[in-house]
Amino acid sequence: MHLAVFGGTGRTGSRVLALALARGWTVTALARNPQKITVTDALLTVIAGELNDTEALRQTLVKADAAVIALGTGVDLQATQLLSQGTAQIVTALTAAGVQRVACLLSGWLFYATMPPQFIEITRDHARQLALLEASSLEWVAVCPPALIDRAARHAYKVAINQMPGVGYMEIGVDDVADFLLRAVVEPEYVRQKVGIAD
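To start, this report covers the structure provided alongside it.

Here we come to the overall build of the protein. Looking only at helices and strands, one finds five helices and ten strands in the protein. Each of the three principal axes of the protein carries a C-alpha extent, and together these read 45 × 35 × 30 Å. Among the 199 residues that make up the protein, the fraction classed as buried is 47%. In the protein, once contacts between residues fewer than 6 apart in sequence are set aside, the share between residues at least 24 apart is 71%. If you sum the accessible surface of the protein, you get close to 9300 Å²; carbon and sulfur atoms cover 52% of it.

Turning our attention to unusual backbone geometry. A positive phi angle is found at Lys63, which is not glycine, with a value near 70 degrees. For Lys63, the location among the structural elements is in the loop between helix H2 (54-61) and strand E4 (66-69). Even without glycine at this site, Arg192 takes up a positive phi of about 55 degrees. Judged by its relative accessible area of 36%, Arg192 is partly exposed.

Once that is clear, we can look at the packing of helix H1 (residues 13-22) against helix H5 (residues 174-184). Taken N-terminus to C-terminus, the directions of H1 and H5 make an angle of 60 degrees; their axes are 9 Å apart at the nearest point. Here H5 runs oblique to H1, going by the angle between their axes. Where H1 crosses over H5, the two elements pack in a sense that is right-handed. Touching Arg15, Val16, Leu19 and Ala20 of H1 are Val174, Asp175, Ala178, Asp179, Leu181 and Leu182, all from H5.

The next subject is helix H3 (residues 82-97). Compared with the 22 Å implied by 1.5 Å per residue over 16 residues, the 22 Å span of H3 between its first and last C-alpha is a close match. Where H3 is concerned, the buried positions are Leu83, Ser84, Gly86, Thr87, Ile90, Val91, Ala93 and Leu94. Those residues of H3 that are buried are in contact with strand E1 (2-6), H2, E4, strand E5 (101-105) and helix H4 (120-135). Within two residues after H3, Gly98 carries a phi angle of roughly 75 degrees, on the positive side.

By size, the foremost hydrophobic cluster in this structure holds 32 residues, and its most contacted members are Phe6, Leu61, Ile69, Ile90, Leu94, Val102 and Leu106. Contributing elements (two or more residues each) for this core: E1, H2, E4, H3, E5, H4 and strand E6 (139-144). Setting aside residues up to four positions removed in sequence, Leu106 forms contacts with His126, Gln129, Leu130, Ala142, Val143, Cys144 and Pro145. Counting 31 residues, the second largest nonpolar core, distinct from the first, contains Leu3, Val27, Val177 and Val195.

Let's shift gears to the pattern of salt bridges. A full pass over the atoms with the stated rule returns twelve salt bridges. Linking Arg32 and Glu50 is a salt bridge whose minimum nitrogen-to-oxygen distance equals 3.1 Å. In this pair, Arg32 sits in the loop between strand E2 (26-31) and strand E3 (44-48) while Glu50 sits in the loop between E3 and H2, placing the two residues 18 residues apart along the sequence. With relative accessibility at 38%, the residue Glu50 sits in the partly exposed group. As a salt-bridge pair, Asp199 and Arg151 come within 1.6 Å of each other at their nearest N and O atoms. Of this pair, Asp199 sits in the segment after strand E10 (193-198) while Arg151 is found in the loop between strand E7 (147-149) and strand E8 (158-161), placing the two residues 48 residues apart along the sequence. You can call Arg151 buried: its relative accessible area is 18%. Residues participating in the shared-partner salt-bridge network are Arg11, Arg15, Asp150 and Asp175.

Calculation notes
Residues numbered from 1 in each chain as written. Predicted model: local features only at pLDDT ≥ 70, side-chain atom pairs only at ≥ 80, totals over all residues. Heavy atoms only, no water. Helix = DSSP H or I, 4+ residues; strand = E, 2+ residues; numbered from the N terminus. Buried < 20%, exposed > 50% of the residue type's maximum accessible area, 1.4 Å probe, protein only. Contact = heavy atoms within 4.5 Å. Areas by Shrake-Rupley, 256 points an atom, 1.4 Å probe, with all protein chains shown as cover. Axes fitted to C-alpha atoms, helices over the stretch in contact; angles between N-to-C directions. Parallel < 35°, antiparallel > 145°, perpendicular 65-115°, else oblique. Left-handed = near helix turned anticlockwise from the far one by under 90°. Expected span 1.5 Å × (residues − 1). Core = buried A, V, L, I, M, F, W, Y, C linked by side-chain atoms within 4.5 Å. Salt bridge = Lys/Arg side-chain N within 4 Å of Asp/Glu carboxyl O.

As structure tokens, this is what we get:
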């Protein structure tokens, strides 16, 4: 498997990158600041560039079999269109490169009509990301976890289509989210589905 990673310097994307390499996959990652990717591996290529850099996107997708989009804003939950704008660029590049399968990290709040006020604006941009995927011809998987916590993978998380797999407060470890993002680019049952995952 040759995987293209977008957002590989972030909390989840860095785990995706490391886990793919640990499994012997070839990885190409696009990074605005390549020095933030501290992993070194013969199977890893880092391309320097922004998401609006058409040539950098093309280089990232050369020989790719699938892609993971793990864009984020860190702890900044203010109104933004950076995630959806970046996703639009990636979707165009994936289509041009003929790369069909893509797993995109979004948010579990997409399953709910109401949410705490602090999550409203960032969830609106996640919804715009989802709409871009839905409008494409790609074999996309929208991966929508609840609260992310730092802990070792348990490999015991639950998965549900178009809903969260439980009720009340839920959480999941970042390493388990990375595991499922890699599953999503190889397993067929989640294609063109919005998937909830939680412990």
